[in-house]
Amino acid sequence: MDNKRAEYIDSINRIVIKVGTSTLTHENGRLNISSIESIVRQIADLINRGKEVILVTSGAIGAGIGRLGLKTKPKTIPEKQAAAAVGQGILMHIYEKLFAEYGQIVAQVLLTREDMSHRIRFLNARNTLFALLDNNVIPIINENDAIVTEEIKFGDNDTLSACVASLVEADLLILLSDIDGFYDSDPHINPNAKLISWIDKITPEIEAAAGGAGSHLGTGGMATKIKAAKIAVSAGTSMVIANGSNPKIITDIITGKNIGTWFKPKEKPLHARQRWIAYSTKIKGKIYVDDGAEKAIIVNKKSLLPSGITKISGKFSEGQVVSILNSKDKEIAKGIVNYSSNEIEQIKGLNSSQIENILGHKNYDEVIHKDNMVILSL
Ligand code: GLU
């Protein structure tokens, strides 16, 4: 066993497993039954080992396309949603049937980003998942593709599964797709690309190699997988990217075999509230700050005062989450605002003592209090 992995393997109890469309369906969109069977068998076995498992499944749109006999991928949103509505039922039918063979009960949970954005719905989703796990039921999660609109969409199940892992404070998130792991460059282009087995920290170089800003290397959804890894590790969850076509992959990972790419969880994870600010909720606007305010926030861990704000964008009200950007337009933090965009427009650049004169009231000196802020820069 890889020594670095050994440190984590024994304490892994709660596992979120995300299976991608490429693992669940053939090219023509019909279900890949042998692949689904092997995933179900391995998950049933994990449960027999005493683990808790949540499955995040893709493949609804793919399976819908297959069943409807569509020759090409639907282009319009209603067509995609119709395919998802058909396919989701097909997926659940096969999971229900196969898990039942191993004596396991399953439940369908369809989520949207809204369920994570609103604190009450976020807590409600969490309670539902815990109630299912307490009853030895395997929650099977997908995005609610049939009704979700662009604005409230996760858009990819890598991000969805990472938010779920953070929501339930999982010990491990496994992303199964058609690639063996994370490579130092794109293996489709560079035959000498090397698989990286262990990642201590997600550096800007790793993000660039995955197809982040300024890179043309990333394909195969690696960018969303790295984004998922950032969410997972900051929640204290280990994450593994591995190839779902290996019929023993889940068992291999869970027994510590050196396979796929393992992302080390942060030793000091963000608190639940900070994670909610950083990743779960949707950003309603942007606040740009000068160099002095950037230093105050990042180095001195201070609150954001009106005096350091240079401009804002977006319409938001008090209590909503916004991004904070530095003078180079780089996002450095996120936080919950004490004032609306209209109010900040009037008090930006001013001393806090002037707030009351201008607005006619002053509930806070800070535009964003440090306790309601999460610093994102490395
Ligand atoms: N929710 C989509 C589906 O079930 C998949 C999204 C993804 O592949 O990441 O078809």
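Use the structure listed above.
Structure report, in brief. None of these values were measured; they are calculated from a predicted model.

A word on the layout of surface pockets
Sizing a probe to match a water molecule and rolling it over the atoms shows the empty space that remains. Quantified by volume, the second largest pocket comes out at close to 1100 Å³. Together, 41 residues line the second largest pocket, and Thr21, Ser58, Gly59, Ile61 and Lys73 are the ones closest to its centre. Among the elements of the structure, helix H2 (21–24), helix H4 (60–68), helix H5 (77–101), strand E4 (137–143), helix H8 (157–167) and helix H10 (222–234) are those that each provide at least two residues to the lining of the second largest pocket. Of the residues forming the lining of the second largest pocket, the biggest block, 4 residues, is contributed by H4. Among the residues making up the lining of the second largest pocket, the classes are represented as 7 nonpolar, 21 polar and 13 charged.

Comments concerning unusual backbone geometry
Here the phi dihedral of asparagine 136 falls at roughly 55°; this positive angle occurs in a residue that is not glycine. Mapping asparagine 136 onto the fold places it in the loop between helix H7 (119–134) and E4. Residue classification places asparagine 136 among the exposed positions, given a relative accessible area of 61%.

Points about the sheet that holds E4
Reading across from one edge, E3-E4-E2-E1-E5-E9-E10-E8 is the order of the 8 strands in this open sheet, with mixed pairing throughout. Edge positions in the sheet fall to strand E3 (105–111) and strand E8 (198–199), since each has one partner strand and no second. Sheet topology places strand E5 (residues 172–177) next to strand E9 (residues 238–243); 6 bridges connect them, and they run parallel. Considered in E9, the bridge of leucine 172 is made with serine 238.

Some thoughts on the site of the ligand
Taken together, Thr21, Ser58, Gly59, Ala60, Ile61, Asn142, Asp145, Asp156 and Asn157 make up all the residues around the ligand. Residue serine 58 places a side-chain N or O atom 3.5 Å away from an oxygen atom belonging to the ligand. At a separation of 3.2 Å, an oxygen atom of the ligand approaches a polar backbone atom of glycine 59. For the ligand, whose accessible area on its own is 290 Å², the fraction buried by protein is 83%.

The rules behind each value
The written sequence of each chain sets the order in which its residues are numbered from 1. This being a predicted model, a pLDDT of at least 70 is required before a residue's local features are given, and a value of 80 or more before pairs of side-chain atoms are given or counted; all residues contribute to the totals for chains, interfaces and linings. Calculated side-chain values reflect all of the structure's heavy atoms, with hydrogen atoms and water omitted. The pocket and cavity definitions rest on a 1 Å grid over protein atoms only: a 1.4 Å probe that fits but cannot leave marks a cavity, an open set with protein on both sides within 12 Å along at least five of seven lines marks a pocket, and residues lining either have an atom within 4 Å of a point. Grid points are joined across faces, edges and corners, and a volume is the space filled by probe spheres set on the points. Segments assigned H or I by DSSP are reported as helices when at least four residues long, segments assigned E as strands when at least two residues long, and all are numbered from the N terminus. Residue classes follow a fixed rule: Ala, Val, Leu, Ile, Met, Phe, Trp, Tyr, Cys and Pro count as nonpolar, while Asp, Glu, Lys and Arg count as charged, and any other residue, Gly among them, counts as polar. Only protein chains enter the calculation, and the probe is 1.4 Å; a residue is then buried if its accessible area is under 20% of its type maximum, exposed if over 50%, and partly exposed in between. Two strands qualify as a pair provided that DSSP identifies no fewer than 2 bridges between them. The cutoff for a nearby residue is simple: one of its non-hydrogen atoms must lie within 4 Å of the molecule or strand. Counting of polar contacts relies on pairs of N or O atoms within 3.5 Å, with two restrictions inside protein: one atom must be capable of donating a hydrogen and the other of accepting it, and residues adjacent in sequence are counted only when both atoms are side-chain atoms. Only the protein chains shown count as cover for residues, and the accessible areas themselves come from Shrake-Rupley with a 1.4 Å probe.

It is worth stressing that arrangement in space is one thing and function is another; only the former is reported here.
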